Amino acid sequence: MINYCSSYHMSSMPRILSRCHFTAGNIKLLNTTGKPRPNFKEYQRRFFMTHTYVELLSKNIHSGTDLIKPYLRTCLVGDFPEDGTSRSAEFTVSFLGTGRGSPGRHRNSSCTALRLGGQTYLFDAGEGTQRQLAHTRILPLSINKIFITQMHGDHVFGLVPLILKIQSAAKAQLDESLAARRRGRGRRVLDRLPLLEIYGPPGLYNFINMSIALSCSKINYLDMHIIELVGGRNGLGPTALSRKKSVFLQRYPEIDTPGIRRVFLKANEDQVWIIDKPATVNRDMLKKGEDGFNRLPNDVNLGKNRRLIIKAAELDHLGGVQTFGYTVEEQTPPRNIDAKKATELGVNPSDKYNLLKMGESVPTDDGTGVVKPEQVLLEELRARKLAVLSDHRRVPPPMAGLCRNADLLVHEATLTKEDGVDKIKIRGHNTAENAGIFGGEMGCEVVALNHFVSAAVSEDAIETLLAEARRGNRNRSQIISSYDFMEVWIPRGGFNFYNLPLNSSKDKGK
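The text that follows walks through the structure, step by step, so that each part is easy to find. Keep in mind it's a predicted model, so treat the numbers as computed, not measured.

A separate point is the environment of D66. Along the chain, D66 falls in the loop between α4 (51-56) and β3 (72-74). A relative accessible area of 55% places D66 in the exposed class. Separated by 412 residues in the primary sequence, D66 and Q478 have C-alpha atoms spaced 8.5 Å apart.

Let's shift gears to the environment of K357. Looking at where K357 falls in the secondary structure, it is placed in helix α11 (residues 352-357). Once the C-alpha coordinates of K357 and P373 are considered, the two residues, 16 residues apart in sequence, prove to be 7.0 Å apart. Every residue in contact with K357, bar those within four places of it in the chain, is listed here: P334, R335, I337 and L377.

This brings us to the packing of aromatic side chains. Counted by the stated rule, this structure contains 11 aromatic pairs. Taking the centre distance of 5.2 Å and the plane angle of 20 degrees together, the rings of F123 and F147 count as stacked. Placement of the pair is F123 in strand β6 (residues 120-123) and F147 in strand β7 (residues 143-147), with a sequence separation of 24 residues. Using a relative accessible area of 3% as the deciding quantity, one classes F123 as buried. When the centroid spacing of 4.9 Å and the interplanar angle of 20 degrees are considered together, the rings of F495 and F497 count as stacked. According to the relative accessible area criterion, F495 is buried, its value standing at 1%. Residue classification places F497 among the buried residues on the basis of a relative accessible area of 15%. By the ring-pair criterion, three or more aromatic residues cluster together here, those being Y121, F123, F147, Y199, W273, F324 and Y326.

Attention now moves to helix α15 (residues 432-441). Residue pairs three or four apart in sequence face the same way in an α-helix, which turns once every 3.6 residues. Burial runs high along α15: 7 of the 10 residues are buried. Among the residues making up α15, those that are buried are A432, E433, A435, G436, F438, G439 and G440. Residues of α15 that are buried in the fold lie against α13 (397-403), β17 (408-412), β18 (446-450) and α16 (459-473). Of the residues flanking the end of α15, it is G443, one or two places downstream, whose phi is positive at about 70 degrees.

Basis of the calculations
- Residues numbered from 1 in each chain as written.
- Predicted model: local features only at pLDDT ≥ 70, side-chain atom pairs only at ≥ 80, totals over all residues.
- Heavy atoms only, no water.
- Helix = DSSP H or I, 4+ residues; strand = E, 2+ residues; numbered from the N terminus.
- Buried < 20%, exposed > 50% of the residue type's maximum accessible area, 1.4 Å probe, protein only.
- Contact = heavy atoms within 4.5 Å.
- Phe/Tyr/Trp six-rings, centres within 6.5 Å; stacked < 30°, edge-to-face > 60°.

Laid out in structure tokens, this is it:
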């Protein structure tokens, strides 16, 4: 069985593909003559999927997950909606690697992407991440932030190849821009190099620079910032208690690479690392717009200029292995305005709409009246939040607090209940049952089990893990299992499967 086939392969190797099929209902891509079948569109729509994904996606909607079903889809380049409409990539979580250790036939090493419409955040980059991206709709140049949870190989061995791939895409874009300009098409040449920010534990800078130096590579078309989260309990690595020199924070001038900047970020007094925290929208910001349509920091249409609230805190994985979890939360989105009603009341589209969104009354255009926000504003929306927890045996209070009320919690399910507490302590991993318990206690709407062992590919194995998680969760969250190339779209306003008030703590069943 072939797990992946590209469109190039399909056109250039018909004889080979005529003998290949995917086991989901024995779907054959081509007939024996090498020509597409009449309903080839359906085959083309699924030809990238792995055997596991094709076979189990329709069965991932087990009992108790009916509510999340409309928000599950794939991020594959050949997979489109049945009706031909476009799919929103705004606050969409794509799973590129859902296994632990080395890549397997059905699951790649750790990598999760948050697509924000114009920009992409990656969490970890295990071996094979670059290949996984090639099968998806995620463009390398859209990746502007990468968050590394730990320095174990299954979370970082794909990082340097990915960096070079992003640089290659940046160079290609620059070359295309220069060529268009030479042809007289007036295309603007990039005025600055693309910025790539990489966050993670101490040692990340040395790992990246050493790999680039010893592989005789260069960084010429990227502006890279490597931000190491310092000050944690395992920040000096496993040699902290010995007399050996720690290589994690050491500086080696011999491997310094032009174009790569090293930055240290310290935790606050609550042991939380504030990676980004955009300013709260205020009246002064509203006055900056001269065209009447000033984009606010919480505008979902800002593309790469959009900023979100990003925080990190430590997880308890293994002694000497500093491990982080991350949360990404948008600012409270602006409420939409009923433009038709506002116009009827005497206020045409202008900068006054921003004032109304901020809850301030505005005069009508003719100055004869006043329009109040409650007259034209539509329903208030909840800010969306994603929480990603890497390998751990315990979630310390600072990280637990960050996860509260997340729309989607990505939690490892490496072990089963049968493995017992001792194995959790020794191996530094957690169970599906504890994932369900933690998600329920934190009021998370959806818990996605992740980081599976290689044996967790059969439907029975996945069912066992899901059952354990649901028993621990007590029906306080939607529990799903992640698969490579699965995607969860979080709609504007977030999930609210249990019809809770907007400001509810979401602690269901407690």
